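The primary structure of each chain is shown beneath.
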Amino acid sequence: MKLTSDVLYVGVNDHDIDLFEGQYTVPNGMAYNSYIILDEKISIFDTVDARFGKLWLQNIQAALNGATPDYLIIQHMEPDHSANIANFMDAYPQTKIVATAKAFAMMKQFFGNDYVDYRIEVKDGDTLSLGKHTLTFVTAPMVHWPEVMLSYDSYNKTLFSADAFGKFGALDAEEDWACEARRYYFGIVGKYGQQVQALLKKASGLDIQTICPLHGPILNENLSYYIGLYDTWSSYRPESEGVLIAYTSVYGNTKKAVFALADELKALGCPKVTVTDLARDDMAEAVEVAFRYDRLVLATTTYNNDIFPYMKSFIDHLTERNYQNRKVGLIENGSWAPTAAKTMTRMLEVCKGLTLCNTVVQIKSALNEESIASVKALAQELV
C-alpha cells in the first residue's frame, strides 16, 4: 500500500488473536504496522508479530521490487514489533540495524544476538540521511518501554511514532478511532503520562503532517484532534462530563442501588451515565470510561473483610495508571459489618486531586427507605 510515491505500508492485519498482550480483548483484531522509505538508501521501519513473518517478508519483497534494503530501524522491542529481526537479517544479511543502545541490549536478551557488526546506535536528535529523506530520531523512554524511539522524516513531514497514537483493531475494521485508541492508551501507556507529555513537548517543535503508528491507521488529517486527545489523556484531565458507575453485586441488591442511582442522575439531567458490571463487562473498557469521564461511582460489597475481588482489581487498575482529578462517590453493601467504603477510600488515597462525595450510600443487605434517600442525596451531590 502506497502512502506516498516513496513511502509504502508493508504491515499485516491479525484477525486470529484472542487477547492482545495476554489480557486485552480485540474483537476487531490487531494491526502490526511496518513501513518502507524508498530513496537512495532504503529504510524499513520495524518488523511484525512472529506469526506473520512469512507474509511480512513477502510484502517487503514485493515493495522492494528487486532492490536491497540498507537499514532496518527498530523503534520498539516488544515482540509484536521485533520478533522477525532474525528472519529479516537472514533474508537481507547486509542490512544495518538502527536502534537505541537499550534496544540492542534487549535484542540480546530476546534473541541472543545484538548484531554488533551491523548495528548503528542512535541517540536523541541524531539524524540519518537516506537521500531526499532525512530521519531525525526522537527518544521516548517509557512511552511505554525504556528503549523506545520515534523517527521524523523531514521530507514528507511524517512522524513514525512507535506505539504512540496507536489503537486496537485491524486496519480493515470500520470503527471510531477514539474509543479503541483510548482503551489502548489507558490500558498500555496510561501509567506514563509524564513521559507522554515530554514526548508531546518534543513533537511540538516538528512540522508533522502525517503520523504512522505501529498499531492502527495512518493519521494524516485533523492531527490537532489526535494530538489534543493525547495531551488530555496524558495530563489526566477528564475528556468529557459524565458519570461511570462501576459495580459488583452478589445477590442483586447492590445492583438495584446502582440502577436507582443511574435513574436519579438521568432525571437530574446528567449528560452521560454509564453503568458497568465489573464481573461481566470488559475491565479495560471500564478503565477507559473511568478516565474519560469526570465522575466515578464505585459500588461493591464487603467480602472476606475486604471488597469484592473484581472491584479490588478495578481500583488497582486505576491507581497503577495514576487515576486523578475526578469526583468519586461510594456505595457499600454489608449484611453485618459493612467496611467496603473504608477499604475503597484507603485504596484511593494514593490518587491525586480526587474529591470524595460526602454522601456514602450504605446498604445493609437490601435497599430500604434510608438507603434510597442516600442514593438520591448522592445523585444530587454528583450533579
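Note that this is a predicted model, so its numbers are computed, not measured.

Undergrad: How should the packing of helix α5 (residues 177-189) against helix α7 (residues 223-234) be read in this particular structure?
TA: Between two packed helices, the angle of one axis relative to the other and the distance separating the axes together describe the packing. In the contact formed by α5 and α7, the axes pass within 12 Å of each other and the chain directions differ by 35°. Here the hand of the crossing between α5 and α7 comes out right-handed. The segment α5 lies against α7, with W177, A178, A181, R182, Y185 and F186 engaging Y225, Y226, L229, Y230, W233 and S234. Classifying every residue of the contact of α5 with α7 gives 10 nonpolar, 1 polar and 1 charged.

Undergrad: Sorry if this is basic, but what is going on with the sheet that holds strand β13 (residues 149-153) here?
TA: Strand pairing in a sheet relies on backbone hydrogen bonds. The paired strands run either parallel or antiparallel. Taken in spatial order, the 5 strands line up as β11-β12-β13-β14-β15 in an open sheet, and their pairing is mixed. Looking along the sheet, the strands with just one partner apiece sit at the ends: β11 (127-129) and β15 (210-212). Shown here is a sheet whose adjacent strand axes are inclined to one another by a mean of 20°, direction ignored. Pairing between β13 and strand β14 (residues 158-160): 3 bridges, direction antiparallel.

Undergrad: It is not clear to me how the pattern of salt bridges should be interpreted in this structure. Could you clarify?
TA: Side-chain pairing between opposite charges can occur once the charged atoms of the two side chains come close. Under the criterion given, the structure shown has 18 salt bridges. As a salt-bridge pair, E175 and K167 come within 2.6 Å of each other at their nearest N and O atoms. Looking at E175, the relative accessible area reads 26%, which means it is partly exposed. Since its relative accessible area comes to 3%, K167 is described here as buried.

Undergrad: Is there a simple way to explain the packing of helix α9 (residues 283-292) against helix α10 (residues 309-319) in this structure?
TA: Look at α9 against α10: their axes get within 10 Å of each other, and the N-to-C directions meet at 50°. As the angle between them shows, α9 and α10 are arranged oblique. For α9 against α10, the interelement crossing comes out right-handed. Of the residues in α10, those touching α9 at M283, A286, V287, A290 and F291 are Y310, S313, F314, H317 and L318. Taken together, the residues of the contact of α9 with α10 break down into 8 nonpolar, 2 polar and no charged.

Undergrad: How should I be thinking about the packing of aromatic side chains in this particular structure?
TA: Two descriptors summarise a pair of aromatic rings, namely the distance from one centre to the other and the angle between the planes of the rings. Taken as a whole, this structure holds 25 aromatic pairs when the rule is applied. Ring plane angle 25° and centroid distance 4.2 Å describe the contact between F165 and Y230, whose orientation is recorded as stacked. One end of the pair, F165, is in the loop between β14 and α5; the other, Y230, is in helix α7, and 65 residues separate them in sequence. For the ring pair Y185 and Y230, a centre distance of 5.1 Å and an interplane angle of 70° mean the geometry is edge-to-face. In this pair, Y185 sits in helix α5 while Y230 sits in helix α7, placing the two residues 45 residues apart along the sequence. By the burial criterion, Y185 is buried, and Y230 matches it. Sitting over the ring of F104, R119 keeps its end group 4.1 Å from the ring centre.

Rules of the game
- Residues numbered from 1 in each chain as written.
- Predicted model: local features only at pLDDT ≥ 70, side-chain atom pairs only at ≥ 80, totals over all residues.
- Heavy atoms only, no water.
- Axes fitted to C-alpha atoms, helices over the stretch in contact; angles between N-to-C directions.
- Helix = DSSP H or I, 4+ residues; strand = E, 2+ residues; numbered from the N terminus.
- Left-handed = near helix turned anticlockwise from the far one by under 90°.
- Contact = heavy atoms within 4.5 Å.
- Nonpolar A, V, L, I, M, F, W, Y, C, P; charged D, E, K, R; others polar.
- Pairing = 2+ DSSP bridges.
- Salt bridge = Lys/Arg side-chain N within 4 Å of Asp/Glu carboxyl O.
- Buried < 20%, exposed > 50% of the residue type's maximum accessible area, 1.4 Å probe, protein only.
- Parallel < 35°, antiparallel > 145°, perpendicular 65-115°, else oblique.
- Phe/Tyr/Trp six-rings, centres within 6.5 Å; stacked < 30°, edge-to-face > 60°.
- Lys NZ or Arg CZ within 6 Å of the ring centre and 35° of its normal.

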